[in-house]
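Structure at a glance
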Amino acid sequence: MTDPAPPYASHKLLVANRGEIAIRVLRTARRLRIPTVAVYTRVDATAPHVVLADEAVALRPDDDDPASNARGYLDADAILVICKERSVTLVHPGYGFLSENERFAQMVVDAGIIWLGPRPDTIEAMGLKHRAKELATEVDVPLVPGSKSLLRDVEDAVGSADTIGYPVMLKSTAGGGGMGLVVCYNADELRAKFTLFHNDGVFIEKYFAAARHVEVQVFGDGQGRAIHMGERECSVQRRHQKVIEEAPSPFMVRRPAIQQRMWDAAVRLAEHVKYESAGTIEFLVDDATGDFFFLEMNTRLQVEHPVTEQVNPGLDIVELMILQGVTRHDKPTGSVLLAHPAYEQSVYNVLPDKRKSHAIEVRVYCENPAAQFKPSPGVLQQVEIPEYEWLRVESWVESGTTITPYFDPLACKLIVTGSDRSQAITRLAQVLGEVKIYGPPNNLQYLRAICESEIFKAGSATTTFLDTFMFTPKAFTVLTGGLETTVQDYPGRRIGLGIPRSGPMDSLAFRFANILVGNDPGMEGLELTLTGCRLMFHVPTVIAVTGATVKLNVNGTSVPMWARLVIPAGGKLVIGNATGNGMRAYLAVKGGFPEIPKYLGSKSTSLGLGGYQGRALAAGDQIALGDCTSSDSPSTLTIPTAVVPSYPTDWAIDVLAGPHCDPTFVTPSGISAFFATKWTVSAASNRMGVRLEGPRIEWARETGGEGGSHPSNILDNGYAFGTVNVNGDTPVILTNEGPDMGGYLCACTVASADM
Amino acid sequence: MLDFAIRARIHAFETEVRNRAIPGVWFLAPCIRSTMVHFDPLVISQASLLATLVEAEVALPASVESLEFPGRKITFPVVLDDKWNREALEKYMRSIRDRAVYLPSNIEYLARNNGLKSAQDALKKLVETDWLILGVGFYLACPFLVPIDPRSRLVGQKMNPSRTFTPRGAIGIAGPVAAIYPIESPGGYQLYGRTLPPWQTWGKGRDFSPESPWLLRPFDQVAWEIVSEEEYAQLETRFDAGQYAFKIEDTMFSMADYATFIDSIADEVKEFKIRQAQGAVSEETRERELFAQWDRTRRAELEARQQDATLTDTTGDESGEHVASSLSAHVWKIKCAVGDVIQSAEHVLVVLEAMKTEVNIEAGEEFVGRRVKGFGRGAKEGSSVSAGEPLVYFE
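Residues numbered from 1 in each chain as written. Chains lettered and ligands numbered in written order. Predicted model: local features only at pLDDT ≥ 70, side-chain atom pairs only at ≥ 80, totals over all residues. Heavy atoms only, no water.

The name an unreviewed UniProt entry assigns to chain B is Carboxyltransferase domain-containing protein, from the organism Trametes pubescens.

An unreviewed UniProt entry lists chain A under the name Urea carboxylase, with Trametes pubescens given as the organism.

Right, dumping it as structure tokens:
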């Protein structure tokens, strides 16, 4: 848009932020060839914003506590020191953190550094609700009708309500919580409910049963000139947290006259306060009448700014912020709006019928819609986002990124653009179906459900839409995980190099379970160890449990093992502890777990890798399901008793002797004794190996020579699946997580069929 | 015995086997003196596989003396006698074994065990030679390597018992072989330095990919570049961010050149081996005594603890449904008492402590409304419990 080289030659820009917005700002700075400085806290040391910047400086490097260290992004003093040390000339605060902290803005300005945002006094004024409202009133920007001051008593309230008109909302200055807001539809109700508010400061406001959230992007030159860049609608929100944002507003495009009035009001307010840089003026809009009312002004770059950029080709709000900052710095009366005709208001005054595009943004959060949107930190085991020319991705995550509990769990923003709203929605649904962000739960399925809802598609969503939006994830939730319940598939990994094959220890029972539910026999399922688990299935699901004998019930009703079962929606499956001799039970689910990604070719959990977060399942985990519902008739299917494996106490297993079954290592009588002994399985056995307790080995030698001091030591030797090596004096049958080589001699190898 | 000619022959054999692309062969796992062929018996029978392997072996030249093996020479930045490994050893001395021939310093032990004057001498020998990768395996593509120069081939015993913790990237020696730990893990090798791990879980960076998160292959060579702890910390961060690129050059391992080199230093090698053998004998003798002492103390303590447990084990009824420890840990605080009725699934019963972190053990939904009737054997403040061990029993 502008010639980048000359104006910024002497500048250096610091981004006082992290995550996607830091990357967003750095991208523009790099395009403009401005040297950049990133700041980061401990958990972000390898984050992409650090990698992307020309310089990166650690915040609070000596603070070892990750939680307090993570607050480094709020440490105004530390960031200012870095600015000075690194000769920074421009500071972009992004959103959140210090972006609306007037003290920090002032410190930056006082240090002679350009603050890429509004003046500190503007930030302060707009941060004070009453002051912001005064300023709006001064230029006839309408406020939500309400009592001018705190109510004296119940009659005062009724009087005010009569003026405003019902329904009204009683609000407490103490604010917050359920008691803070009470809706009254008539005077009687108002009199009755007023008494709920004891001595608190109470005021009254007009209540709108159906309202929209529409906001106008403005930009000012700090001299009293401002423009708008059109509006955005963010009515799809959950507890004041925006979920989907779009431009233009589907509500306003049907009401161009109101739209123009809103734009004008926004510009009036921005010019009135001599607003500088980018800002957003938020309005509440009565869905019934289109009347709009000033809510607040956000004195920063907004999360949802990309939708405005997408419908205004060529617009880069960050670039404009930099340009304005530098222009004013070089000449106090400088105005980027005057200097650059591209920023003329006429560019943005596009009538709805002349609009060529529509943009929608969704925020992908690592939070669980099925658990009150609780943040779900963890490792993103697979991140795969498709590329389309109509898809803009603002992301900071990739496969292997850890979402920590210290920050907002935003993973990325997906912004689609279409020639009209319906095309944008079609594209959004497509992308939401294609994006893979596999790890702890996120809101992708939820976003997709919203995107496919009739209300959203019709552009009819109001701010309370999500309050009653029903969403059921295709998933099960772990209520209790048991001792070691892991995701396994068969045959696991076959690549060698000491990467264990992993997979189910009892692959026969495992495959039976899959066959019962109609899966490929090797499909991923759960392996349970000794203790059972409790799972809640959100949707009807076909399952089967096999392996060691366990008690099973669904919603309290006892059900059989080795049989196909259908769990109803919301059903609880309780798998009890292993009761017989068997140790491991298996659960197969029709369709498997499509959102568990493969690692090195398998979904099996092994050595902290693969499976669900590389670990055993724990209470609160949620695993997404695929095509888990029975499509065929609900006829029962069971494994005939004759075929069900038994789990006896005594096992005779077939082995192939060698290679160290030799008098060089063990005496001939010792070799005979080894095979004749009835060994006992040790409690210390695990998925790496079955440890055997029994008599001492009759060694034929004193030491292992070059291999080690113990006669069981050798230099090294390959281990097969089922090899019995002798670890000191303990024979160990190497199993699914066993090593593939090592320094212990190997007496024999168990036949695969007996494993 | 460690013999380069045998290892070279294995390498030549594997190359020959791979060229034949035998169906059903999953992979080969070469060691120092052998290789193991892992195959699918449903695709190829043992007999026909063996026949093919014999053919491959017969196709090799009688002697490997003239062979050359292509590989890469990769430079690893290394911190010698680093603080991370020292911390791992301190932890070992606190929690596992406090006196052993290899304590308090693995490096000083290596010096003595190899007839060297000082730890500095040992470290110098370990980095002044290039090393040859002989095997990649065990767990997560752990490389096993030996010094190309026989005068640098230090030997050491494995720690007994093993450590429970080793930092990733740690380099240690056991027998005549060194390993670079790919991830944080238990281990028993004698540690002397720390380098960047040859494993990158997510395959980030130029030298890795998601399909191959490991770096090294047999017959690669490793050279060392000494860095400080501060430099290492920076390199490690770059490594984790996928920004580090190892210095890698193509090279050739010539058996003929190697033989010439060995001949040229034969006397020195002989002398080194004599002193090494003397050192090893005296260290082994010392270790036998120290181990016996430690073993006696340990057994005595174990008996005392068992005695104590039987005396104080009056914590109520121990049977039936219970909440178990989800991990091996110390019991920090017991937050419930016999007779308590569980109010919510989040009701904290016991606070465990593991790796300096407090872990709340909650009652869980199934025990809401149930009454505590007793505690598990290990559920005493200050004692330790293992994963799966019952903590609290319910009526």
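1. Regarding the pattern of salt bridges
Residues and elements named next belong to chain B. The cut-off we apply is this: Salt bridge, as applied in this entry: a Lys or Arg side-chain nitrogen positioned within 4 Å of an Asp or Glu carboxyl oxygen. Secondary structure elements are taken from DSSP: a helix is a run of H or I of four residues or more, a strand is a run of E of two residues or more, and numbering for both begins at the N terminus. The buried label applies to any residue whose accessible area, calculated with a 1.4 Å probe on protein chains only, is under 20% of its type's maximum; exposed applies above 50%, and partly exposed to all values in between.
Applying the stated criterion across every chain, the model contains 65 salt bridges over all chains. Where Arg-20 meets Glu-55, a salt bridge forms, and the shortest distance between an N and an O atom there is 3.2 Å. One end of the pair, Arg-20, is in the loop between helix H1 (4–19) and strand S1 (25–30); the other, Glu-55, is in helix H2 (residues 46–58), and 35 residues separate them in sequence. Residue classification places Arg-20 among the partly exposed positions, given a relative accessible area of 32%. Residue Glu-395 is joined to Arg-371 by a salt bridge in which the shortest nitrogen-to-oxygen separation is 3.9 Å. Of the two residues, Glu-395 sits in the segment after strand S19 (390–394) while Arg-371 sits in the loop between strand S16 (357–362) and strand S17 (372–375), which places them 24 residues apart along the sequence. Classification of Glu-395 as exposed rests on a relative accessible area of 54%.

2. Section: the UniProt feature "domain: Carboxyltransferase" (unreviewed entry) in chain B
Selection criterion: UniProt positions are given in the numbering used here, feature names are shortened, and annotations may be inferred rather than shown by experiment.
Per the UniProt entry, the sites bearing "domain: Carboxyltransferase" (unreviewed entry) are residues 1–216 of chain B in this numbering. End-to-end, the C-alpha atoms of residues 1–216 of chain B are 24 Å apart, and along that stretch the chain is 28% helix and 27% strand.

3. A few points about the packing of aromatic side chains
When we look at a pair of aromatic rings, we describe it by the centre distance and by the angle of the planes. Residue and element names in this part refer to chain B. Rules: Side-chain rings of Phe, Tyr and Trp (the six-membered ring for Trp) are treated as a pair once their centres are within 6.5 Å; stacked means planes under 30 degrees apart, edge-to-face means over 60, and tilted covers the remaining angles.
In the structure shown here, the tally under the stated rule is 39 aromatic pairs over all chains. Between the aromatic rings of Phe-144 and Tyr-189, the centroid separation amounts to 6.5 Å while the plane-to-plane angle is 55°, which identifies the pairing as tilted. Here Phe-144, found in strand S5 (residues 142–147), pairs with Tyr-189, found in the loop between strand S9 (185–187) and strand S10 (190–195); they are 45 residues apart in sequence, far enough to count as distant. When sorted by exposure, Phe-144 lands in the same class as Tyr-189, which is buried.

4. What about unusual backbone geometry?
Negative phi characterises most residues that are not glycine, and trans characterises most peptide bonds. Residues and elements named next belong to chain A. The linkage connecting Tyr-166 with the following residue, Pro-167, adopts the cis geometry, with an omega of -5°. By the secondary structure assignment, Pro-167 is in the loop between helix H8 (154–164) and strand S6 (168–172). The residue after Gly-658, namely Pro-659, is reached through a cis peptide bond having omega 0°. Positive phi is not limited to glycine here, since Gln-372 has a value of about 55°. Checked against the element boundaries, Gln-372 lands in the loop between strand S15 (367–368) and strand S16 (374–375). In this structure, Ser-502 is a non-glycine residue whose phi angle is positive, near 60°. Relative to the helices and strands, Ser-502 resides in the loop between strand S24 (486–488) and helix H18 (507–517). Take Ser-502: its relative accessible area is 1%, and that puts it in the buried class.

5. Some details on the interface of chain B and chain A
Stated formally: Any two residues whose heavy atoms approach within 4.5 Å are treated as being in contact. A 1.4 Å probe defines the accessible area here, and the buried area is the portion of it lost by two parts on being joined, summed over both. Any N or O atom pair separated by 3.5 Å or less is treated as a polar contact, with the protein-specific requirement of one donor-capable and one acceptor-capable atom, and with residues adjacent in sequence counted only for side-chain atom pairs. By the convention adopted, Pro, Cys, Tyr, Trp, Phe, Met, Ile, Leu, Val and Ala count as nonpolar, Lys, Arg, Asp and Glu as charged, and the other residues, Gly among them, as polar.
Across the contact, 38 residues belong to chain B and 41 residues belong to chain A. Here chain B meets chain A over a buried area of about 3600 Å², counting both sides, of which 65% is carbon and sulfur. If you sort the residues of chain B by the area they bury against chain A, Phe138(B), Tyr139(B) and Trp202(B) come out on top, with a joint share of 18%. Put simply, chain B and chain A have eight residue pairs in polar contact (both at pLDDT 80 or more) between them. For the side of chain B that touches chain A, the elements supplying multiple residues, two or more each, are S1, strand S2 (35–39), strand S4 (131–137) and helix H6 (229–240) of chain B. If one sorts the elements of the side of chain B that touches chain A by residue count, S1(B) sits on top with four residues. When the residues that make up the side of chain B that touches chain A are grouped by side-chain class, the tally is 23 nonpolar, nine polar and six charged.

6. A look at the sheet that holds strand S7 (residues 181–184) of chain A
All names here are of chain A. Note the cut-off: For two strands to be treated as a pair, DSSP must find no fewer than two bridges joining them. The axes used here are C-alpha line fits, helices contributing only the stretch in contact, and every angle between their N-to-C directions lies in the interval 0 to 180 degrees.
The strand order across the open sheet formed by three strands is S7-S6-S8, and the pairing between neighbours is antiparallel. Of all strands in the sheet, those bounded by a partner on one side alone are S7 and strand S8 (202–206). Mean inter-strand twist for the sheet, computed between neighbouring axes without regard to direction, equals 25°. Across the sheet, helix H9 (residues 187–194) touches S6, S7 and S8, and the angle it forms with S7 is around 150°.

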